[in-house]
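Spelled out, the chains give:
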Amino acid sequence: VQLVESGGGLGQTGGPLRLSCAASGGTFNNAGVAWLRQRPGKEREFVAARSRTGGYTYYSDAVKGRFTLSRANAKNTVYLQMNSLKPEDSAVYFCALGQRVITSSLRNDAAYDFWGQGAQVTVSS
């Protein structure tokens, strides 16, 4: 499975950006999906994840209420809509797919089998 992120770039404080993650050679159906990010000088951190059934979606406290993870099954694509951006949201964002990830492990990056290459997001103040 190949995952390709797009839609990153330069955003403004308080503004929106949307990231996309398209899958090829596999499907997001019945798979857990997550977005994680790595800020400069920091370890990779959990941002958002959706369970395999789609029944559960989790967000980190840092983005809750501002970011939304969604999925377009027909396009085999997942999105991360980022609103009310802050400079501290600047990071490389990764999407990940886990074919066997269980709900209790959605926040654990070791649970995911496939990763995108990352998309840079920079938020100007």
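This is a predicted model, so every value here is computed, not measured.

### Looking at unusual backbone geometry
Backbone geometry follows two general trends: most residues other than glycine have a negative phi, and most peptide bonds adopt the trans configuration. For Asn30, which is not glycine, the phi torsion reads 60 degrees and is therefore positive. Along the chain, Asn30 falls in the loop between strand 3 (17-24) and strand 4 (32-38). One non-glycine residue, Ser84, lies in positive phi territory at about 50 degrees. Along the chain, Ser84 turns up in the loop between strand 8 (77-82) and strand 9 (91-98).

### Examining the sheet that holds strand 8
Ordered by their spatial adjacency, 4 strands build an open sheet running 1-3-8-7, and the pairing between neighbours is antiparallel. Looking at strand neighbours, the two that pair on one side only are strand 1 (2-6) and strand 7 (67-72), the edges of this open sheet. Strand-to-strand twist in this sheet, taken as the mean axis angle between neighbours without regard to direction, amounts to 15 degrees. Note that strand 1 and strand 3 share 5 bridges and pair antiparallel. Across the sheet, Ser6 pairs through a bridge with Ser20, a residue of strand 3.

### Quick look at the side chain of Asp89
Here Asp89 is to be found in the loop between strand 8 and strand 9. For Asp89, the side chain forms a polar contact with the side chain of Arg37, separated by 3.0 Å. Each residue touching Asp89, except ones within four places of it in the same chain, is listed here: Arg37, Arg66, Phe67, Ser84, Val121 and Val123.

### With respect to the state of the cysteines
In the structure shown here, the tally under the stated rule is 1 disulfide. Note on cysteine connectivity: Cys21 is disulfide-linked to Cys95, with sulfurs 2.0 Å apart. The chirality of the disulfide connecting Cys21 with Cys95 is right-handed, given an S-S dihedral of about 55 degrees. Remark: Cys95 occurs in strand 9 and Cys21 occurs in strand 3; sequence separation between them is 74 residues.

### With respect to the packing of aromatic side chains
For the coordinates displayed, the defined rule picks out 2 aromatic pairs. Measuring from centroid to centroid gives 6.3 Å for Tyr56 and Tyr58, while their planes differ by 5 degrees, and the two rings are stacked. Judged by relative accessible area, which is 47%, Tyr56 ranks as partly exposed. Note on Tyr58: relative accessible area 23%, which makes it partly exposed. On the basis of an interplanar angle of 80 degrees and a centroid distance of 6.4 Å, the ring pair of Tyr112 and Trp115 is categorised as edge-to-face. Residue classification places Trp115 among the partly exposed positions, given a relative accessible area of 26%. Cation over ring: Arg44 sits above Phe94, and NZ or CZ is 6.0 Å from the ring centre.

Cut-offs and rules
Residues numbered from 1 in each chain as written. Predicted model: local features only at pLDDT ≥ 70, side-chain atom pairs only at ≥ 80, totals over all residues. Heavy atoms only, no water. Helix = DSSP H or I, 4+ residues; strand = E, 2+ residues; numbered from the N terminus. Pairing = 2+ DSSP bridges. Axes fitted to C-alpha atoms, helices over the stretch in contact; angles between N-to-C directions. Polar contact = N/O pair within 3.5 Å; in protein donor to acceptor, adjacent residues only side chain to side chain. Contact = heavy atoms within 4.5 Å. Disulfide = S-S within 2.5 Å. Phe/Tyr/Trp six-rings, centres within 6.5 Å; stacked < 30°, edge-to-face > 60°. Buried < 20%, exposed > 50% of the residue type's maximum accessible area, 1.4 Å probe, protein only. Lys NZ or Arg CZ within 6 Å of the ring centre and 35° of its normal.

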